Each structure stands twice: as structure tokens, then as C-alpha cells.
Amino acid sequence: MSVVVRFAPSPTGYLHIGGARTALFNWLFARHHGGRYLLRIEDTDRARSTEEAIRAILDGLHWLGLDPDEPPVFQSTRFDRHREVALRLLAEGKAYRCWATPEELEAMREKARAEGRPMRYDGRWRDRDPAEAPPGVPPVVRLKAPQEGETVIEDLVQGTIRVANEQLDDMVLLRSDGTPTYMLSVVVDDIDMGITHVIRGHDHLTNTFRQKQLYDAIGAPCPAFAHIPLIHGPDGAKLSKRHGALSVTEYREMGFLPEAMRCYLLRLGWAHGDKELLTDAEAIALFDLSGVGRSPARFDMAKLLNVNAHFLRQRSDAELVELLRPFLAKEGLVVEGEGARRLAAGMAGLKARARTLVELARGAAFYLRPRPLPIAADAAARLDEVHRAALAELGPRLATQEPWEEAALEATCRGFAEARGMKFAGLAQALRAALTGSTVSPGLFEVMVVLGREEVVGRLEDAAAGRNPVLPASN
RNA sequence: GUCCCCAUCGUCUAGAGGUCAGGACGCCACCCUUUCAAGGUGGAAACACGGGUUCGAGUCCCGUUGGGGACGCCA
């Protein structure tokens, strides 16, 4: 039997980090088994579903490289089919109409609570004659669920889980307005889409018992279930807005790489021995449900940053130049011509110092800024009179420096400092300030080679003459 | 409240009865060094608690505590 899985988000907001991981696990499982990975948009709640949210989910999945293998199925287009199934169950006596009003239901809840029992619908219309139906009250359709025995599910992650059927009540299949409920829609769609494995968040675990009953009533085989533990915030509580970024879009904007997100999310709740950093090929080859842990994991930004830094360094310099464009554009910097050349040439030194594309862009900006280069206040402080005078003298010397190579440049600068009885470290910081506008940068001589003779000499002149605007904040 | 699930360093985790309880992130120290990173070396850091079962328990069972989830004519 070929594997078919699906990711089934409801479009009531952006694609969040937990959903992204669920999608990833489904995707990996399908790839590992050579199966299909589908997307179903659960937009049956017309009031809360928005076009914008659908866009956001599709965009998020696309960015993460988790595009579905087939066009998405929109659950709202399948109302008729869902109704058809409910009506069939009704005809077969496996479901019944219920005229209980919201007030009656509320009373049942209160009574149950008072008696310390689970809050369940009491089945008052289960065997009652429909002729007794009150006039003018539109009924819902409920499943005639088994009242004795127990419902058991074999979860591929959580193991065997059983619940007494008396804990479960007769769930609503069709609302009084005739629309299908989530429970009905999910089960019917999963059956019709040929889903073999339902991999979803642990928060759906208790829904599964009811869904199992529905499968049984419909007479369809149950897919295998795998409920993966939830992701919690750093404090152990449910991940929420107050923990910072939830939307995958925000991670893109913070400069994270999709492959880093995939790797981090995968390792959050799944492990294969001591393997930490996996390529997609390795992840696909190694992924299995038995490796999924059973306890919830906390989201750790520090680790994500580390993982991202790793994957950043795996990218080629040319790729990084392209990835940097939108981030540099935010600072009004356009990557083209000489600037593009410098970025590519300087990328090796830049990427070792960045964990995200945002950091990389920040560190790379000095290669693109036109003269006179703005200098951060703390860097400008390194350009005192003594050092400005030194730079004024060093500039012309570098103008005739041959060859224009790192080792030679270093020899020249060190020799210059020594001849002047000046500490090289101080000269280096002054040079750094003049050339990069910062106290922090890639190696000085690498920077010189990348900038080129003309630009270096020009920037030194600017600094010696005090022409640079000083920025209030530093790096 | 009821039901269900979970429990190894601060965090992510390895561990499928016998390990000096391993790795990674983070942290600390040292090395490298023109800054900051990167890189290298080393270090501190965990089996929630209590009972069993067993020659032997982080591993199996029960309980306690703690955490989480679900209890809608939402999805």
C-alpha cells in the first residue's frame, strides 16, 4: 500500500511554527516512503477563514519547501459529499436527529459539572420518536456512538490508547443549518483522499477516539494515526504570541534559512542517535515515526540561531549574495556592479560572522555604502588625532602598494606602525573604523583586498580629513 | 472538575535491564588573533519523588508530584 498523507490547516491565521513542523513531518514521511503528501485547507468555518490566511499558509509552505504534491483540497467545496455521508448514516440508523436546544445542552453541562461527571450530551433524542420533535426547531444530526465497551487507537507515536465509550457522547455530524461539522468533514475527506497515515499535533489526540467511531460507523478502514507532541514556549507553556515570533513569515524576515528551519524543527521532537545537523537527503532517508519522542519540546531560539549559522555557511557565496538583496534593500542598498563583486569576494569573511541573513546584511553593508562612509560613534572614537595623522600618511603609501595582496598589505601596515613607534592594534582599529565604519569586521587585509586600492585610499583620505558622518548607534 | 498524554544536564536529545549516563545548543576557561566571529582544546551541568519486579532499573509495573492536551451546532 502506497503512503498518502496530508497537512490540514484551518485558514484562520498565519502558518505557525507548530503547523510548519506538522507539515514537515508529513512531508518527510511521504518522501521517505515514496508516497504522496497532500494539502487540505479546512475552511469549513466560513466566518473565521480568510483568503489572506490561505495565502499566508501557501506562502509559508512554499518558502519552507513543503509545497504539496497536488493542488490543495478546499474542504468547503465538499459540503455536499459530507452531507451525503451523514444522511446515509441517518438512513442506516447509525445516526439520528436531535432537537435539543442550546439551553438544554447548557443545562446538561451544568448538571454534569455539579455531579463531577464529564460534560456529555445525554442522548435524549437517541431513541426518541422524531414525531415528538418540537415544531420550528431545526435539528442537528448526531452519530449513534457505542455506549459500552471502549474505543482503542494504536498510535504510531503514543502507543495504544484506550478510552471507555461512556466518556464519549454522540457527536454532532450536521449542524442545525445543515452544514457538516469538522469531525465529519475530516473523516470523510481523509477517506476520500485515500489518506493512509494521519500525522498531526497531539492536541488532536482526544478527537481521534470520536473519529475512530465515525470510521467504524461509515464502515471504512481507519488510517494509521501518529500524534506528535506539541511545541511549547521557553517557559514550558503553550507556544503563544508572547513568546515572540509564531508565524513562519516572521522567521523568514528575521533572516532564517528554510533548510535551517526544517532541520531545527525536525530535531525538535525527533532524533536519530547523535545526528544533529541533517541535510534534506539525510532527513528523508532517516526519518521514521518511531524516532519521534512523546514529550513536548520547548522552542529554543539560541539553538535555532546556531543551526541557521551552520546552514548559512553551507550556502555558496553567490547564493548568499542573492539572498541578501531584500535585506540590504531595506537599508536602501542595491546590489549591483562593483558592489555585487565586493559582496561575493568578501562573503567568506562575512558569513563566518553572521547567524542570520539580517546579521549578514548588517555586516556586509559597509562594502556597498558610498563615500564618505558613515562611522558608528564607538568606531569614530578610534580615529583620534594621532591615528588620523597616521592614516593621512599611510594612505599615499598604500596608493603605490604592490602587490595588492593580504600578506603584503599586512607587512606594509605592520612595518608602518613599527616605524612610527605605534601599536599595531591601535592602527588596526583606526583602519577598521575608516574602512568599515565599525569596530567589528572581517579581517582588515581581506577587507582591503575586497574593497580595492582606489576605494581603500579614498576611505583613508575621508577619515584623515574627518569627512565621515558619525552615526549615533554602533554595530 | 472529568478523561487522555508526558517526565534524562538550563534547552533539544541518545539510551530499547548491566554505559565512567553519550552528543548538541547555551555557559565558563584556554589556544588562535588586528576587532568580532569562526575554528580547536578542556570544564561545570541530568535520570522528578516513593514503592515494587529483578542478581542487577534511567530503562519494566504501581503510586505521588509536576507539566501538557482535550472536553462546542470551532477547527
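Please refer to the structure placed before this passage.
All of the points below concern the structure found in this document. (Residues numbered from 1 in each chain as written. Chains lettered and ligands numbered in written order. Predicted model: local features only at pLDDT ≥ 70, side-chain atom pairs only at ≥ 80, totals over all residues. Heavy atoms only, no water.)

Moving on to the protein's contact with RNA strand B. Looking at RNA strand B, there are 65 residues lining it, with Arg120, Arg175, Glu276, Arg414 and Arg432 nearest. Arg48 is positioned with one of its side-chain polar atoms (N or O) 3.0 Å from a base oxygen of RNA strand B. Here a base oxygen of RNA strand B and a side-chain polar atom of Ser176 are 2.9 Å apart. Those elements that provide at least two residues to the surface near RNA strand B are helix 4 (102–114), strand 5 (140–143), strand 7 (159–164), helix 6 (205–218), strand 12 (297–298), helix 10 (301–314), helix 17 (424–436) and helix 18 (444–451). (Near = heavy atom within 4 Å. Polar contact = N/O pair within 3.5 Å; in protein donor to acceptor, adjacent residues only side chain to side chain. Helix = DSSP H or I, 4+ residues; strand = E, 2+ residues; numbered from the N terminus.)

We now examine the packing of helix 16 (residues 406–419) against helix 17. Between helix 16 and helix 17, the least distance of the axes is 9 Å, while the angle of their chain directions is 125 degrees. Classified by the interaxial angle, the pair formed by helix 16 and helix 17 is oblique. The hand of the helix 16/helix 17 crossing is right-handed. Contacts between helix 16 and helix 17 involve Cys413, Arg414, Phe416 and Ala417 on the former and, on the latter, Phe424, Leu427 and Leu431. Taken together, the residues of the contact of helix 16 with helix 17 break down into 6 nonpolar, no polar and 1 charged. (Axes fitted to C-alpha atoms, helices over the stretch in contact; angles between N-to-C directions. Parallel < 35°, antiparallel > 145°, perpendicular 65-115°, else oblique. Left-handed = near helix turned anticlockwise from the far one by under 90°. Contact = heavy atoms within 4.5 Å. Nonpolar A, V, L, I, M, F, W, Y, C, P; charged D, E, K, R; others polar.)

The next point concerns the packing of aromatic side chains. Under the defined criterion, the tally for this structure stands at 7 aromatic pairs. The interplanar angle of 55 degrees and the centroid separation of 5.8 Å between the aromatic rings of Tyr251 and Phe256 together place this pair among those described as tilted. Phe256 shares its class with Tyr251; the two are buried. Lying across the ring of Tyr121, Arg142 places its NZ or CZ 3.6 Å from the centre. When the ring centre of Phe424 is taken as origin, the NZ or CZ atom of Arg414, which lies over that ring, is 4.2 Å away. (Phe/Tyr/Trp six-rings, centres within 6.5 Å; stacked < 30°, edge-to-face > 60°. Buried < 20%, exposed > 50% of the residue type's maximum accessible area, 1.4 Å probe, protein only. Lys NZ or Arg CZ within 6 Å of the ring centre and 35° of its normal.)

Before going further, it helps to spend a moment on the side chain of Gln75. Among the structural elements, Gln75 can be located in the loop between strand 3 (73–74) and helix 3 (79–91). If sequence neighbours within four positions are ignored, Gln75 has contacts with Arg40, Ile41, Glu42, Asp43, Thr44, His82, Ser185, Val186 and Asp189.

Bringing the packing of helix 15 (residues 385–399) against helix 19 (residues 453–465) into the picture now. At a closest axis distance of 8 Å, the pairing of helix 15 and helix 19 adopts a crossing angle of 160 degrees. Between helix 15 and helix 19, the angle falls in the class roughly antiparallel. As helix 15 runs across helix 19, the sense of the crossing is left-handed. Mapping the contact onto sequence places Arg388, Leu391, Ala392, Gly395, Leu398 and Ala399 in helix 15 and Arg453, Val456, Val457, Leu460, Ala463 and Ala464 in helix 19.

Moving on, we get to the sheet that holds strand 8 (residues 172–174). Across the sheet, which stays open at both edges, the 3 strands sit in the order 4-5-8 with antiparallel pairing between neighbours. At either end of the open sheet lies a strand with only one pairing partner, and these are strand 4 (95–98) and strand 8. Between one strand axis and the next, the sheet turns through 45 degrees on average, direction left out of account. Bridge count between strand 5 and strand 8: 2 bridges; the pairing is antiparallel. Each residue of the ladder has a partner; that of Val141, found in strand 8, is Leu174. (Pairing = 2+ DSSP bridges.)

This brings us to the environment of Asp462. Along the chain, Asp462 falls in helix 19. Judged by relative accessible area, Asp462 falls into the buried class, the value being 3%. C-alpha separation for the pair Asp462 and Gly60, spaced 402 residues apart in sequence, amounts to 45 Å. In this view, Asp462 contacts Arg371, Pro372, Arg467 and Asn468; residues no more than four positions away in its chain are not counted.

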